[in-house]
Amino acid sequence: MTEQEQREQLVDLAKSMFDRGYATGGAGNLSVKLDHDRVLTTPTGSSFGRLNADSLAVVNMSGEHLSGEKPSKEVAFHLEIYKNRPSANAIVHLHSTYLTALSCIKGINKSNAIKPFTPYYVMRVGNLPVIDYFNPGDSNIATELGRLAPNYRAYLLANHGPVITGSNLLDAVDNAEELEETAKLYFLLQGQDIAYISDSDIRILEKKGV
Ligand SMILES: [Zn+2]
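Residues numbered from 1 in each chain as written. Predicted model: local features only at pLDDT ≥ 70, side-chain atom pairs only at ≥ 80, totals over all residues. Heavy atoms only, no water.

*Asks:* Help me out: how do you make sense of the overall build of the chain in this one?
*Replies:* Each helix and strand counted, the chain has 7 helices and 8 strands in total. Over its C-alpha atoms the chain spans a radius of gyration of 16 Å, differing by no more than 12% from the 17 Å that the globule rule assigns to 210 residues. Within the chain, contacts between residues at least 6 apart in sequence are counted, and of these 62% link residues at least 24 apart. Separation between the mean location of the 20 positive side-chain charges and that of the 25 negative ones in the chain comes to 4 Å. (Helix = DSSP H or I, 4+ residues; strand = E, 2+ residues; numbered from the N terminus. Rg over C-alpha atoms; globule rule 2.2 N^0.38 Å. Contact = heavy atoms within 4.5 Å. Lys, Arg positive; Asp, Glu negative; His and termini not counted. Charge placed at Lys NZ, Arg CZ, Asp CG, Glu CD.)

Spelled out as structure tokens, the structure:
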């Protein structure tokens, strides 16, 4: 895929997510690796519904702004994930309704916020560790994500929202949507006696992937 095609794909996927309510206002950000040292990302405060392919921000792996509009300060934690998870080539960060609601629950299981009850969640995400609350822009968010990145594909920032990786941008967006829908089901199932996926089936699914 050429850089221009990647720019256009990012704009199209962001608009699609915005139109379907996964992103609102100027919240959230997307990034995709253009090559080993350059990352294409959404400008600071930009709406997923109104991005322009030609003005997207480009930064290098040290966080220096190379071209386009100013990147979000949250790009720092994207870079830390890329450095620690070589298989990740794209990242989606949302303040989506159900996952953010989940991130605000006191006493949530920090090692895995959603115990699996559908196979697709296991195949796309598998495990959702929670990072303690830090104010937006705090460097501890990047540090904690970098620590978890080698072992997990998605992460939940407490009182903030999800961060999801993928092998490319389309994969990361599909993973993000699956995760948000799983959180929605989690709330729909509150008060119900849930039939969870067994540990042995989880192990088989984890090997299978999507
Ligand atoms: Zn955020």
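*Asks:* Before we go on, may I ask you to explain unusual backbone geometry in this structure?
*Replies:* Leave glycine aside and you will find that most residues have negative phi; peptide bonds, for their part, are mostly trans. Residues other than glycine seldom take positive phi values, yet Asn159 does so here, at roughly 55°. If you trace the backbone, Asn159 turns up in the loop between strand E7 (154-157) and strand E8 (161-166).

*Asks:* Help me out: how do you make sense of the coordination of the zinc ion in this one?
*Replies:* Each pair of donors in an ideal octahedron of six around a metal sits at 90 or 180 degrees, and each pair in an ideal tetrahedron of four sits at 109.5 degrees. The zinc ion binds to the protein through Glu74 (OE), His93 (NE2), His95 (NE2) and His160 (NE2), with metal-donor distances spanning 2.1 to 2.3 Å. Around the zinc ion sit 4 donor atoms, and with donor-metal-donor angles ranging over 89 to 154° the site reads as irregular. With a relative accessible area of 0%, His93 lands in the buried category. (Donors = N, O, S within 2.8 Å, 3.2 Å for Na, K, Ca; no water. Tetrahedral: all angles 85-135°; square planar, octahedral: opposite > 155°, others 65-115°. Buried < 20%, exposed > 50% of the residue type's maximum accessible area, 1.4 Å probe, protein only.)

*Asks:* Before we go on, may I ask you to explain the packing of aromatic side chains in this structure?
*Replies:* Each aromatic ring pair is specified by the distance between its two centres and by the angle formed by the two planes. Evaluation of the coordinates by the stated rule reveals 2 aromatic pairs. Between the aromatic rings of Tyr98 and Phe187, the centroid separation amounts to 6.2 Å while the plane-to-plane angle is 45°, which identifies the pairing as tilted. Remark: Phe187 occurs in helix H6 (residues 169-188) and Tyr98 occurs in helix H3 (residues 97-103); sequence separation between them is 89 residues. Between the aromatic rings of Tyr186 and Phe187, the centroid separation amounts to 5.3 Å while the plane-to-plane angle is 90°, which identifies the pairing as edge-to-face. (Phe/Tyr/Trp six-rings, centres within 6.5 Å; stacked < 30°, edge-to-face > 60°.)

*Asks:* In this structure, what is going on with the nonpolar core? I would like to understand it.
*Replies:* Considering soluble globular proteins, one finds that nonpolar side chains tend to be buried as a cluster. Counting residues in each nonpolar core, the largest one holds 41 residues, and the members touching the most others are Leu102, Leu128 and Leu179. Listing elements by their share of this core, those giving two or more residues are helix H1 (3-19), strand E1 (29-33), strand E5 (90-93), H3, E7 and H6. It is H6 that provides the largest number of residues to this core, a total of 7 residues. In contact with Leu102, not counting residues within four places along its chain, are Ile108, Ala113, Ile114, Leu128, Leu156, Tyr186 and Phe187. Counting 19 residues, the second-largest nonpolar core is a separate cluster that includes Val39, Ile91, Ile141 and Leu157. (Core = buried A, V, L, I, M, F, W, Y, C linked by side-chain atoms within 4.5 Å.)

*Asks:* Explanation requested: the sheet that holds strand E4 (residues 65-67) in the structure shown.
*Replies:* Strand order across the open sheet formed by 8 strands is E4-E3-E2-E1-E5-E8-E7-E6, with mixed pairing between neighbours. One side of each edge strand has no neighbouring strand; the edge strands of this open sheet are E4 and strand E6 (130-131). (Pairing = 2+ DSSP bridges.)

*Asks:* Would you take a moment to explain the environment of Ala88 for this structure?
*Replies:* Checked against the element boundaries, Ala88 lands in the loop between helix H2 (75-84) and E5. Each C-alpha atom, one on Ala88 and one on Lys70, is 23 Å from the other, the two residues being 18 residues apart in sequence.

*Asks:* I would appreciate a short explanation of the packing of H1 against H6 in the present structure.
*Replies:* A pair of packed helices can be characterised by two numbers: the angle between their axes and the separation between those axes. Look at H1 against H6: their axes get within 10 Å of each other, and the N-to-C directions meet at 15°. Judged by the angle between their axes, H1 and H6 are roughly parallel. Relative to H6, H1 is oriented so that their crossing is right-handed. Contacts between H1 and H6 involve Gln9, Leu10, Leu13 and Met17 from the first element and Leu169, Leu170, Val173, Ala176 and Glu177 from the second. Residue classes in the contact of H1 with H6 are distributed as 7 nonpolar, 1 polar and 1 charged. (Axes fitted to C-alpha atoms, helices over the stretch in contact; angles between N-to-C directions. Parallel < 35°, antiparallel > 145°, perpendicular 65-115°, else oblique. Left-handed = near helix turned anticlockwise from the far one by under 90°. Nonpolar A, V, L, I, M, F, W, Y, C, P; charged D, E, K, R; others polar.)

*Asks:* Can you walk me through the side chain of Ser103 in this structure?
*Replies:* Relative to the helices and strands, Ser103 resides in helix H3. Polar contacts involving the side chain of Ser103 include one to the main-chain amide nitrogen of His160, which spans 3.2 Å. Residue contacts for Ser103: discarding those within four places in its chain leaves Leu156, Leu157, Ala158, Asn159, His160 and Gly161. (Polar contact = N/O pair within 3.5 Å; in protein donor to acceptor, adjacent residues only side chain to side chain.)

*Asks:* I tried to follow the environment of Asn60 on my own but got confused; where do I start?
*Replies:* For Asn60, the position within the fold is in strand E3 (residues 57-60). Residue Asn60 is classed as buried on the basis of its relative accessible area of 8%. Taking the C-alpha atoms as reference points, Asn60 and Asp37, 23 residues apart in sequence, are found 5.3 Å from one another. If we ignore the near neighbours within four places in the chain, the residues touching Asn60 are Asp37, Leu66 and Leu79. A polar side-chain atom of Asn60 sits 2.7 Å from a polar atom in the side chain of Glu64.

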